[in-house]
Amino acid sequence: MKYGQKVYIPSLNEVGTIEEVVRVPGGQRISKVNVKGKIIDVFYLVVENWDLITKFYYFIKKIFKK
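Everything in this summary refers to the structure shown in the same document.

1. With respect to the packing of aromatic side chains
Applying the stated criterion across every chain, the model contains 2 aromatic pairs. Between tyrosine 8 and tryptophan 50, the aromatic rings sit 5.4 Å apart at their centres with planes inclined by 35°, giving tilted as the arrangement. Of the two residues, tyrosine 8 is situated in strand E1 (residues 6-9) and tryptophan 50 in helix H1 (residues 50-65); the sequence distance between them amounts to 42 residues. Judged by its relative accessible area of 17%, tyrosine 8 is buried.

2. Considerations on H1
Over its 16 residues, H1 extends 22 Å from the first C-alpha to the last, a length consistent with the 22 Å expected when each residue adds 1.5 Å. The opening residue of H1 is asparagine 49, an N-cap whose side-chain oxygen sits 3.0 Å from the backbone nitrogen of aspartate 51.

3. Structural notes on the sheet that holds strand E2 (residues 14-24)
Read from one edge of the open sheet, 5 strands run E4-E3-E2-E1-E5, paired in antiparallel fashion. Each edge of the sheet is formed by a strand with only one pairing partner; in this case those strands are strand E4 (38-41) and strand E5 (48-49). Pairing geometry for E2 and strand E3 (residues 27-35), over 7 bridges, is antiparallel. Directly across from glutamate 20, in E3, lies its bridge partner lysine 32.

4. A short note on the pattern of salt bridges
Counted under the stated rule, the structure contains 2 salt bridges. When the shortest N-O distance is used, the salt bridge between lysine 36 and glutamate 14 registers 3.5 Å. Here glutamate 14 lies in strand E2 and lysine 36 lies in the loop between E3 and E4, a separation of 22 residues in the sequence. In this structure glutamate 14 comes out as partly exposed when scored by relative accessible area, which is 23%.

5. Regarding unusual backbone geometry
Even without a glycine there, the phi angle at asparagine 13 is positive, about 55°. Its place among the elements puts asparagine 13 in the loop between E1 and E2. A positive phi angle is found at lysine 36, which is not glycine, with a value near 50°. On the basis of relative accessible area, lysine 36 is assigned to the exposed category, the value being 68%.

Conventions adopted
- Residues numbered from 1 in each chain as written.
- Predicted model: local features only at pLDDT ≥ 70, side-chain atom pairs only at ≥ 80, totals over all residues.
- Heavy atoms only, no water.
- Phe/Tyr/Trp six-rings, centres within 6.5 Å; stacked < 30°, edge-to-face > 60°.
- Helix = DSSP H or I, 4+ residues; strand = E, 2+ residues; numbered from the N terminus.
- Buried < 20%, exposed > 50% of the residue type's maximum accessible area, 1.4 Å probe, protein only.
- Expected span 1.5 Å × (residues − 1).
- Polar contact = N/O pair within 3.5 Å; in protein donor to acceptor, adjacent residues only side chain to side chain.
- Pairing = 2+ DSSP bridges.
- Salt bridge = Lys/Arg side-chain N within 4 Å of Asp/Glu carboxyl O.

Written out as structure tokens, the structure reads:
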């Protein structure tokens with residue numbers, strides 16, 4: 001996880017950028033995300049890597065296009 005990395009928040013159905021990462025036992029966790037100019041606390045929400053989602057989408061799209 002890097003600051004400025006794009007992430008998807010399914011419960012909000014929005015894409016945002018990482019603003020703050022907190023160290024927790026067992027690794028790191030995203031705590032704040034910037035969505036449309038607002039800082040949102042997402043510590044207890046599910047956050048997914050947006051880049052991975054888009055790559056998977058285009059891969060599936062290529063398979064079914066043939």
